[in-house]
Amino acid sequence: NTWSSVKRGDPYGYAKAESERIVFGMYNDGMLNGCQVTSLNPGFCLGPVLCKAHTKSSCVLIRQMMYNRKYLTFYTYFVDVRDVAKAVVEVLK
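These numbers come from a predicted model, not from an experiment. (Residues numbered from 1 in each chain as written. Predicted model: local features only at pLDDT ≥ 70, side-chain atom pairs only at ≥ 80, totals over all residues. Heavy atoms only, no water.)

Chemist: Would you mind showing me how to read the pattern of salt bridges here?
Modeler: One side chain can pair with another of opposite charge once the charged atoms of both are near each other. This structure, assessed with the given rule, holds three salt bridges. In this structure, arginine 21 and glutamate 18 form a salt bridge, with 3.0 Å as the shortest nitrogen-oxygen distance. With arginine 21 and glutamate 18 both in helix 1 (residues 11-28) and three residues apart, this pair spans about one turn of that helix. When the shortest N-O distance is used, the salt bridge between glutamate 90 and lysine 93 registers 2.9 Å. (Salt bridge = Lys/Arg side-chain N within 4 Å of Asp/Glu carboxyl O. Helix = DSSP H or I, 4+ residues; strand = E, 2+ residues; numbered from the N terminus.)

Below, the structure is given as structure tokens:
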């Protein structure tokens, strides 16, 4: 992406985008000894809450929405973590 930056308050997104640029640059320069490169960007992962510690993670967003509290100040899309896991398995085949 071209919008994530530390200045814009998204150091995490910036780090992810920059690391992908570096890896794809290395791939394009032939520095990965023929390894294939695939990037998966699943967005906001949600899934089953399996223990109390999980209630402090992504599902906080859902709780905020349920109580009509403004939470999202960024554009994103949602995906089930189980679908992400299936995609990762397919990529690794």
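Chemist: Would you mind showing me how to read a nonpolar patch on the surface here?
Modeler: There is a patch of nonpolar side chains on the surface, built from Ile62, Met65, Met66, Tyr67 and Phe78 and spanning about 540 Å² of accessible area. Looking at which element gives the most residues to the nonpolar patch, the answer is helix 2 (residues 59-66), with three residues. (Patch = residues over 30% accessible without salt bridge, like charges linked within 9 Å, V, L, I, M, F, W, Y side chains within 5 Å. Areas by Shrake-Rupley, 256 points an atom, 1.4 Å probe, with all protein chains shown as cover.)

Chemist: How should I be thinking about the environment of aspartate 83 in this particular structure?
Modeler: The topology assignment puts aspartate 83 in helix 3 (residues 81-92). The exposure class of aspartate 83 is partly exposed, given its relative accessible area of 42%. Taking the C-alpha atoms as reference points, aspartate 83 and alanine 17, 66 residues apart in sequence, are found 22 Å from one another. (Buried < 20%, exposed > 50% of the residue type's maximum accessible area, 1.4 Å probe, protein only.)

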